[in-house]
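# Residue-level structural notes
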Amino acid sequence: MPLPFLTADRAFGAAADHSDDVALPFDDHDQWRRPYRPGPWRVGTAALLLLLASFILLAAVIIAVAGAVPGGIACLGLGLAVIAGALRLLRVGTWVSRHGVRRVGFLRTHTVPWRRTAAVRTVQQPVRWLGLPRTVQGEALVLLQQNGEQLAPLLTDHNADFLARHEAFDRAADTIEAWNAEYARR
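A separate point is the environment of Arg 103. Mapped onto the elements of the fold, Arg 103 is located in strand 2 (residues 100-104). Each residue touching Arg 103, except ones within four places of it in the same chain, is listed here: Gly 93, Arg 108, Thr 109, His 110, Ala 152, Pro 153 and Leu 154. Engagement of the side chain of Arg 103 in a polar contact is seen with the backbone oxygen of Pro 153, the distance being 3.0 Å.

Put into structure tokens, the structure is as follows:
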């Protein structure tokens, strides 16, 4: 039994017998998009944070019903902050569009237009393991700007998206390098 709504290999509403040359709904180069899927470490951490938030919100309801409304409001605020943090964690990564490359961090976002990039390449260097202070030898996709400045790595093979997924790192790095090759010279 085919379940076309569970796959992303064809456009929405397309029948199974249509050709595969139909553009996917997200195939708009003017929209910011992540050229890879979030990794299991990132998704798992966000899921655990959302589970924690559900318990905090349940506690807020119990505290408020018990009569301590200020405590319930404080728990509600904490639960909403945990939810916001989990959603932001899912947004972290490298995003590309026709306009440039965007490195989204947990607290800060940095965008570089393609016309200001000199090179995007994969290098061997010490990288942070899952974003923690511990460093290991690994690969990183770095962006060099025309003024000689090098940003923090766009991707590493030991971050929450690519730990133990080296093939996915290679595909994502190749995709971002291809975006740079296509749009940097315009």
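Let us look at the side chain of Thr 156. You can see Thr 156 is positioned in strand 6 (residues 155-156). Here the side chain of Thr 156 touches Asn 159 through a polar contact of 3.2 Å, landing on its backbone nitrogen.

Before going further, it helps to examine helix 2 (residues 69-91). When the terminal C-alpha atoms of helix 2 are compared, their 33 Å separation across 23 residues agrees well with the 33 Å that a helix rising 1.5 Å per residue should span. Summarising the contacts, the buried residues of helix 2 are in contact with helix 1 (40-65). Among the residues trailing helix 2, Gly 93 stands out with phi positive, at a value near 150°.

Turning our eyes to something else, we now look at the side chain of His 158. Assignment of secondary structure puts His 158 in the loop between strand 6 and helix 3 (166-183). Those residues in contact with His 158 that sit more than four places away from it in its chain are Val 127, Arg 128, Trp 129, Leu 130, Val 136, Gln 137, Gly 138 and Leu 163.

Here we come to the nonpolar core. Nonpolar side chains in soluble globular proteins generally cluster together in the buried interior. Counting residues in hydrophobic clusters, the biggest one holds 19 residues, and the most contacted among them are Val 101, Leu 141, Leu 143, Leu 154, Leu 155, Phe 162 and Ile 176. Of all the secondary structure elements, the ones that give two or more residues to this core are strand 5 (135-145) and helix 3. Ranked by residues supplied to this core, first place goes to helix 3 with seven residues. Residues contacting Leu 143, with those up to four places away along its chain left out, are Val 101, Val 112, Thr 117, Ala 119, Val 120, Glu 149, Gln 150, Leu 151 and Leu 154.

Attention shifts here to the sheet that holds strand 2. The strand order across the open sheet built from three strands is 1-2-3, with neighbouring strands paired in antiparallel fashion. If you trace the sheet from one side to the other, it starts and ends with strand 1 (93-97) and strand 3 (109-113), each paired once. Adjacent strand axes in the sheet meet at a mean angle of 15° when their direction is disregarded. Here strand 2 pairs with strand 3 via five bridges, running antiparallel. Following the sheet pairing, Val 104 is matched in strand 3 by Thr 109.

Right, let's talk about helix 1 for a bit. With 26 residues, helix 1 ought to run about 38 Å at 1.5 Å a step, and its terminal C-alpha atoms sit 37 Å apart, in line with that. Listing the buried residues of helix 1 in full gives Arg 42, Ala 46, Ala 53, Ile 56 and Ala 60. Tucked inside the fold, the buried residues of helix 1 contact helix 2. Remark: Gly 67 follows helix 1 within two positions and exhibits a positive phi of approximately 110°.

How each quantity is defined
Residues numbered from 1 in each chain as written. Predicted model: local features only at pLDDT ≥ 70, side-chain atom pairs only at ≥ 80, totals over all residues. Heavy atoms only, no water. Helix = DSSP H or I, 4+ residues; strand = E, 2+ residues; numbered from the N terminus. Contact = heavy atoms within 4.5 Å. Polar contact = N/O pair within 3.5 Å; in protein donor to acceptor, adjacent residues only side chain to side chain. Expected span 1.5 Å × (residues − 1). Core = buried A, V, L, I, M, F, W, Y, C linked by side-chain atoms within 4.5 Å. Buried < 20%, exposed > 50% of the residue type's maximum accessible area, 1.4 Å probe, protein only. Pairing = 2+ DSSP bridges. Axes fitted to C-alpha atoms, helices over the stretch in contact; angles between N-to-C directions.

What is shown is where atoms sit, not what they do.
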